[in-house]
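Observations on chain architecture
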Amino acid sequence: MKRLAPIIAGAIIMTTTSTEARQPNNEGRHLEQLRSVAPALEQYTQDRLYSDVWNRPGLSRRDRSLVTIAALIARGETLELTQYADLAIESGVKPAEISETITHLAYYSGWGKAMAAVGPVGQVFAKHGIKADQLAAIRPASLPLDEQAEAQRAARVAEQFNSVAPGLVQYTTDYLFRDLWLRPDLKPRDRSLITVAALISTGQVEQITYHLNRAMDSGLTEEQASEVISHLAFYAGWPNAMSALPVAKGVFEQRRS
Amino acid sequence: MKRLAPIIAGAIIMTTTSTEARQPNNEGRHLEQLRSVAPALEQYTQDRLYSDVWNRPGLSRRDRSLVTIAALIARGETLELTQYADLAIESGVKPAEISETITHLAYYSGWGKAMAAVGPVGQVFAKHGIKADQLAAIRPASLPLDEQAEAQRAARVAEQFNSVAPGLVQYTTDYLFRDLWLRPDLKPRDRSLITVAALISTGQVEQITYHLNRAMDSGLTEEQASEVISHLAFYAGWPNAMSALPVAKGVFEQRRS
Amino acid sequence: MKRLAPIIAGAIIMTTTSTEARQPNNEGRHLEQLRSVAPALEQYTQDRLYSDVWNRPGLSRRDRSLVTIAALIARGETLELTQYADLAIESGVKPAEISETITHLAYYSGWGKAMAAVGPVGQVFAKHGIKADQLAAIRPASLPLDEQAEAQRAARVAEQFNSVAPGLVQYTTDYLFRDLWLRPDLKPRDRSLITVAALISTGQVEQITYHLNRAMDSGLTEEQASEVISHLAFYAGWPNAMSALPVAKGVFEQRRS
């Protein structure tokens, strides 16, 4: 995994002074800084994260890239985003998919987290010479909607919460399920994948059941879902992954029966 | 909403290199960067967030500014804070109220989050020529205290937790309810408003019941509380807003009966 | 507590322009900025946080430093990390212990949070002239393992979750409990201390019971655990501390009986 070595280095660039940041051989210097602070962590990053986790079967490197980007955006870890967005493009994630991931996470992780991702991703897009016609369209033709399923979802939410926040209930229908989720530049399965990744990464277990089921309805396999959780243990910390396990277990068991 | 256009731009400034950041026409360049990464997000920001959400009835733009600032501080999203602090002042939030919001959130969102807000807000205060006598006083005369209600609260918490952390129980009385909450530069209703906004924005649902009741006891209407949640869906992400709904529903129903 | 005065100042340095950041008398200027935004917060920081909390009996300043660093890393508050890492070294925390805290939190708070800590801590290490032989070793001889207890833990987790994420279950055994937890440069009691601090600071209450028990099995006293929570009320916000109280109460009561 040659591409991953600079990630460690790049992650540290922005925490140093701007004088250092402009020097040419930054990546080498910052890899050196990691060695001068936590050499064991550098070793674990190479041996375990890059050589092992990223090469596990069960989830492609393309999917791992999407999951990692979603986790970094949702957690506000913009320092690492430049390098992982770069890796994503080299792993086959389309620029339009990254663009659409940012837009999607504005709704699911908050506007500020999406806005903070624009700078780092913009640098990567500029480096790769990404043009406007490679981005997610502003108002593309929508994917078909399962009217019946959506009507049921809307009715269920309205019954629960119209007496509390009718505005939010309406926005959920109009902005999310009749618009955002139908945008074609990120497939429904991938849209669910990044949603689940964002929820797990930020410890928002309550919504995992709905979105994991939705992801699996759209084609995410049980093995892939399992690998998403294991992958995120490294990027979101063990406790977030462990808290996702009982929820995933419940979803898997219900779907198996 | 002319003032809001530069917010998008400004939000991205600090993620670029410092060379770029010093160039004069930054805002235009960074709006351009948003367009070059996620043009749909720019469109949604204009059409939905600024033109729609910020102009909804039920919650004033002044209150929306306070809620947004509280969310940004609590979530550590300092990149956007400069522009929203600017908007807050133009929407009628007094500098002393912003100053006091930072002090309040040191206790409710952690010292580091408050400290990180000082730089961005300081820039806005400098731009507006805010003087020391416009800030929240260090030791102002306290608002009157409802001794009986406070004694009951203190007794309840002491009974629950004196056997676990008597130090924290005492600090809660001395530093929070007999001092911070009585500071006059932020009205009790507004103090509760930012507390509820911070709790919802960080997914800390356990304390929402107490503080939402307190907010409504101090004058926050049900409609306003409902709008706070809908507003925060955009700034803290849908999952945090959805997790707040059942809690708010419980509070509303109990108060209606 | 002379050393703590610059912390306030330093915390704000990186939010200003890089031009300012290079000026010699930064700390004075930024203390001035805090005064120009929230003078009450400066007063509270001096009177309550530094003069009171940090000098409470029941938890040494060395332990408070470790707890604070863990909280800052876990919460991604790198702005304050430089100054608190500096304070930690002056309070008797060994560089190898800080190094190992970063490595440990890669697993417990996510890789990105650990990587973001490398820059600030690297600056402090450079200032103190810390050499490679003072850092945590890459592959040191392991501490002895309680094979029976570990076998029971592994069996319990495998029974629960092998059907969901066998990869994660295996990593938990191989990477955490048969490797990370046996690394000698951070004593088991301290390793548990930073784990508990990270969990409380990020509101991850579900894992507190296991890790608080483990901490107390390794020598953390009830009084120290209590002080950790009170200390973290200031650094992680009151709601996170309050949410930890019922969990700690349960642990204390069970262990007393």
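Please read these numbers as outputs of a predicted model, since none were measured by experiment.

1. Re the overall build of chain A
Scanning chain A from N- to C-terminus turns up 14 helices and zero strands. Reading chain A from its N terminus to its C terminus gives the helix and strand order α-α-α-α-α-α-α-α-α-α-α-α-α-α. Every one of the 257 residues in chain A was classed for burial, and the buried ones make up 63%. Put simply, 73% of the contacts in chain A that link residues at least 6 apart link residues at least 24 apart.

2. Looking at the side chain of Asp-63 of chain C
Structurally, the position occupied by Asp-63 of chain C is in helix 5 (residues 61–74). Excluding residues within four positions of it along the chain, Asp-63 of chain C makes contact with Arg-189, Asp-190, Leu-193 and Gln-224 of chain C.

3. Focus: helix 8 (residues 111–127) of chain A
All names here are of chain A. With 17 residues, helix 8 extends 25 Å between its outermost C-alpha atoms, agreeing within 8% with the 24 Å of an ideal straight helix rising 1.5 Å per residue. When the local axis directions of helix 8 are compared, the greatest deviation, roughly 30°, occurs at Gly-119, which is followed within four positions by the proline Pro-120. Here helix 8 lies mainly inside the structure; 14 of its 17 residues are buried. Phi turns positive one or two residues past the end of helix 8, at Gly-129, with a value near 65°.

4. Considering the packing of helix 10 (residues 166–177) of chain A against helix 13 (residues 222–236) of chain B
To characterise two packed helices, one gives the angle between the axes of the helices and the distance between these axes. At their nearest, the axes of helix 10 of chain A and helix 13 of chain B sit 8 Å apart, and the two run at 30° to each other. Between helix 10 of chain A and helix 13 of chain B, the interaxial angle falls into the category roughly parallel. From helix 10 of chain A, Pro-166, Gly-167, Leu-168, Tyr-171 and Tyr-175 of chain A reach across to helix 13 of chain B, where they touch Ser-226, Ile-229, Ser-230, Ala-233 and Phe-234 of chain B. A breakdown of the residues in the contact of helix 10 of chain A with helix 13 of chain B according to their chemical character gives seven nonpolar, three polar and no charged.

5. Here's the deal with the relation of the copies chain B and chain A
Note on the identical chains: chain B maps onto chain A by a rotation of 120° and an axial translation of 0.0 Å, with an RMSD of 0.0 Å. Such a turn and shift between the copies fits a three-fold axis. An overlap of only 6% is found between the interface residues of chain B and their copies at the interface of chain A, pointing to separate contact surfaces.

6. Considering the interface of chain B and chain A
Counting residues at the interface gives 52 residues for chain B, matched by 49 residues for chain A. At the junction of chain B with chain A, the criterion picks out three salt bridges. As a salt-bridge pair, Arg-139 of chain A and Asp-47 of chain B come within 3.6 Å of each other at their nearest N and O atoms. Inspection of the chain B/chain A interface yields 20 residue pairs in polar contact (both at pLDDT 80 or more). Listing elements by their share of the side of chain B that touches chain A, those giving two or more residues are helix 1 (5–13), helix 2 (18–21), helix 3 (26–37), helix 4 (39–50), helix 13 and helix 14 (238–256) of chain B. With 12 residues, helix 14 of chain B is the largest single contributor of residues to the side of chain B that touches chain A.

7. Some points on the confidence of the model for chain A
All names here are of chain A. For chain A, the mean per-residue pLDDT works out to 90, and 89% of the residues sit at or above 70. Counting contacts from residues 5–25, a segment whose pLDDT is below 50, to residues more than four positions away or on other chains yields 59 contacts. Interface confidence for the predicted complex, expressed as ipTM, amounts to 0.91; the pTM equals 0.92.

8. Notes on the packing of aromatic side chains
Two aromatic rings, taken as a pair, are described by how far apart their centres are and by the angle between their planes. As enumerated under the stated definition, the model contains 45 aromatic pairs over all chains in all. Ring geometry for Trp-54 of chain C versus Tyr-84 of chain C: centroids 6.0 Å apart, planes at 20°, classification stacked. Of this pair, Trp-54 of chain C sits in the loop between helix 4 (39–50) and helix 5 while Tyr-84 of chain C is found in helix 6 (residues 81–90), placing the two residues 30 residues apart along the sequence. Residue class for Trp-54 of chain C comes out buried when judged on its relative accessible area of 1%. Following the ring pairs from residue to residue traces out a cluster consisting of Tyr-44, Phe-234 and Trp-238 of chain A together with Tyr-107, Trp-111, Tyr-171 and Tyr-175 of chain C. Between the NZ or CZ atom of Arg-48 of chain B and the centre of the ring of Tyr-175 of chain A, over which it lies, the distance is 4.0 Å. For the cation-ring pair, Arg-214 of chain B lies above Trp-181 of chain B, with the distance from its terminal atom to the ring centre recorded as 4.3 Å.

9. Quick word on helix 11 (residues 188–201) of chain A
Residues and elements named next belong to chain A. Across its 14 residues, helix 11 extends 20 Å between first and last C-alpha, which sits within 8% of the 20 Å expected from 1.5 Å per residue. When you tally the buried positions in helix 11, you get 13 out of 14 residues, the bulk of the element. Two residues or fewer past helix 11, Gly-203 is found with a positive phi of approximately 70°.

Reading the values: rules and limits
- Residues numbered from 1 in each chain as written.
- Chains lettered and ligands numbered in written order.
- Predicted model: local features only at pLDDT ≥ 70, side-chain atom pairs only at ≥ 80, totals over all residues.
- Heavy atoms only, no water.
- Helix = DSSP H or I, 4+ residues; strand = E, 2+ residues; numbered from the N terminus.
- Buried < 20%, exposed > 50% of the residue type's maximum accessible area, 1.4 Å probe, protein only.
- Contact = heavy atoms within 4.5 Å.
- Expected span 1.5 Å × (residues − 1).
- Bend = angle between axes of the 7 residues up to and from the residue.
- Axes fitted to C-alpha atoms, helices over the stretch in contact; angles between N-to-C directions.
- Parallel < 35°, antiparallel > 145°, perpendicular 65-115°, else oblique.
- Nonpolar A, V, L, I, M, F, W, Y, C, P; charged D, E, K, R; others polar.
- Least-squares fit on C-alpha atoms with pLDDT ≥ 70 in both.
- Salt bridge = Lys/Arg side-chain N within 4 Å of Asp/Glu carboxyl O.
- Polar contact = N/O pair within 3.5 Å; in protein donor to acceptor, adjacent residues only side chain to side chain.
- pLDDT = per-residue confidence, 0-100.
- Phe/Tyr/Trp six-rings, centres within 6.5 Å; stacked < 30°, edge-to-face > 60°.
- Lys NZ or Arg CZ within 6 Å of the ring centre and 35° of its normal.

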